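# Examining the three-dimensional arrangement
As a plain string of letters, each chain reads:
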Amino acid sequence: MTMSLSPDAQDILDLASRNGLTLDPGSLSLNEMGLDFRVAFATDLQGQRWVLRIPRRADAMERAASEAAVLTLLRDHLPVAVPEWKIFTEDLIAYPILPGLPGLTFDPGTYEVTWHFDKDAKLYLDTLSAALVALHAIPPSAAIDAGMVANGIAEVRVKLRNDLERVRTEFEVPKDKRVSWQDWLNDDSYWPPRATVIHGDLYAGHVMVEPDGRVTGIIDWTEARLGDPALDLIGHIKSHGMAALPAMVEAYRVAGGISWPRCIDHCRKLNSMAGVNYALFAMTPGAEAHRKAAQALLLEAAP
């Protein structure tokens, strides 16, 4: 009997084939969570599992060139696996799947989340923290040699101020939120002592794990840069909720991570900027459909 594929699935198989990768049609599945890339998983005819990243917009692939250089740097420093791209063309990135499973996936139709490990496992926090400590310890000079911009915490704060002003030109930002964010941006006591290499979009969906919670790899390094290490800590809020933040911060501290007095307060403020970040994305060409949702988030988010 001939298998009937959706046009969308057939397009992905054809795209892979044009790039020299022949896949088993019955093995294809999709993860639609990413804003920049659609992600597909499939098995080739030799039994190797692959990850395929298909750009949603041209600018996503332009930034991927920087990611490719970063991956080479990361492989020399991290205790967990990172992708090794075998295909990198204008319309496809593909690499053999890392060990383990994504910590979570979701159904694009129902938005139902499926966890692939015990999300409350202490082993997850311990092994994720060890990976973050190694990431944040990469010498800035090595990062700059790999193409990252030489940012410090002062530059991070300037960019956040500028981002807030840009968003204010096109979206309604409630005054109490603006005042709270500006006070935070101007108060040195909140901020970490230095910038580090960061993942920039870290949450359980970008972490590969074993069923017991052991972290085996980290994927999707598009946003990697020299920046605020707290950004990697608040990714835990996205998957586990605000109440889980103190345990993440403590595990990171015990593993040898950067510590400063108002780390948790700072993380909460940084997390509250999600609406600003979403609005910036909605302002990029091709992402206009997200403007309404971004405005709603700006109005709802607590400072």
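You'll find the structure just up there.
First, a word on what this report is: a plain description of the structure on this page. (Residues numbered from 1 in each chain as written. Predicted model: local features only at pLDDT ≥ 70, side-chain atom pairs only at ≥ 80, totals over all residues. Heavy atoms only, no water.)

## Digging into the sheet that holds strand β1 (residues 29-31)
Here is the rule: When DSSP finds two or more bridges between two strands, those strands count as paired. Every helix listed is a DSSP run of H or I at least four residues long, and every strand listed is a run of E at least two residues long, numbered separately from the N terminus.
In space, the five strands of this open sheet follow the order β1-β2-β3-β5-β4, with antiparallel pairing throughout. A strand with exactly one partner marks an edge of an open sheet, and here the two such strands are β1 and β4 (87-88).

## Considerations on the pairing of strand β11 (residues 215-218)
Where strand β10 (residues 207-209) and β11 come together, three bridges link them in antiparallel fashion. Following the sheet pairing, valine 209 is matched in β11 by valine 215. Counting the residues in the hairpin turn of β10 and β11 gives five residues, including glycine 213, whose phi is positive at 100°.

## Here we look at the layout of surface pockets
Where empty space is left becomes clear once a probe the size of a water molecule has been rolled over the atoms. Our working rule: Grid points spaced at 1 Å over the protein atoms alone were grouped into cavities, where a 1.4 Å probe fits but cannot get out, and pockets, open sets with protein on both sides within 12 Å along at least five of seven lines, with lining residues defined by an atom within 4 Å of a point. Grid points are joined across faces, edges and corners, and a volume is the space filled by probe spheres set on the points. Residues were grouped as follows: Ala, Val, Leu, Ile, Met, Phe, Trp, Tyr, Cys and Pro as nonpolar; Asp, Glu, Lys and Arg as charged; and all remaining residues, including Gly, as polar.
Each pocket or cavity is described by its volume, and for the second largest pocket that value is around 180 Å³. Lining the second largest pocket, in full, are Ser29, Leu30, Asn31, Phe41, Arg49, Ile97, Leu101, Pro102, Thr105, Phe106 and His116. Only β1, β6 (101-102) and β7 (104-106) provide two or more residues apiece to the lining of the second largest pocket. It is β1 that provides the largest number of residues to the lining of the second largest pocket, a total of three residues. In the lining of the second largest pocket, the residues fall into six nonpolar, four polar and one charged.

## Observations regarding the pattern of salt bridges
This is how it is decided: A pair is scored as a salt bridge if a Lys or Arg side-chain nitrogen falls within 4 Å of a carboxyl oxygen belonging to Asp or Glu. Buried means the residue's accessible area, taken with a 1.4 Å probe over protein chains only, is under 20% of the maximum for its type, while exposed means over 50%, and partly exposed covers the values in between.
Summed over the entire model, instances satisfying the criterion amount to 15 salt bridges. The salt bridge involving arginine 157 is made with aspartate 188; its shortest N-O contact spans 2.9 Å. With arginine 157 in helix α5 (residues 153-168) and aspartate 188 in the loop between α6 (175-186) and β9 (196-198), the pair connects residues that are 31 residues apart, well separated along the chain. What makes arginine 157 buried here is its relative accessible area of 11%. Where lysine 159 meets aspartate 163, a salt bridge forms, and the shortest distance between an N and an O atom there is 2.8 Å. Here aspartate 163 and lysine 159 lie together in helix α5, a separation of four residues that amounts to about one turn.

## Concerning the nonpolar core
As a reminder, the rule being used: By convention a nonpolar core is built from buried Ala, Val, Leu, Ile, Met, Phe, Trp, Tyr and Cys residues, the set being connected through side-chain atoms within 4.5 Å. Any two residues having at least one pair of non-hydrogen atoms within 4.5 Å are treated as being in contact.
By size, the foremost hydrophobic cluster in this structure holds 81 residues, and its most contacted members are Leu74, Val167, Trp184 and Trp221. Contacts of leucine 74, omitting those with residues within four sequence positions, involve Val82, Leu135, Ile138 and Trp221. Core analysis: the second largest hydrophobic core is formed by 16 residues, Ile12, Leu23, Trp50 and Leu52 among them.

## A look at the sheet that holds β10
As a reminder of what qualifies: Between the N-to-C directions of two axes lies an angle of 0 to 180 degrees, each axis being a line fitted to C-alpha atoms and, for a helix, fitted only over the stretch in contact.
Pairing is antiparallel in the open sheet, where three strands are placed in the order β6-β10-β11. Looking at the sheet topology across the chains shown, the edges are occupied by β6 and β11. Most of the contacts of helix α3 (residues 122-136) go to β11, to which it runs at about 40°, and overall it touches β10 and β11.

## Considering the packing of helix α7 (residues 230-240) against helix α8 (residues 245-254)
Our working definition: Crossing chirality is assigned from the near helix's rotation relative to the far helix, an anticlockwise turn below a right angle marking it left-handed and a clockwise turn marking it right-handed.
Contact geometry of α7 with α8 gives a least axis separation of 9 Å together with a crossing angle of 145°. Judged by the twist between their axes, the crossing of α7 over α8 is right-handed. Between α7, through Leu233, His236 and Ile237, and α8, the contact on the second element is made entirely by Leu245, Met248, Val249 and Tyr252. Here the residues of the contact of α7 with α8 are counted per class, giving six nonpolar, one polar and no charged.

None of the figures reported here should be taken as evidence of function without further support.
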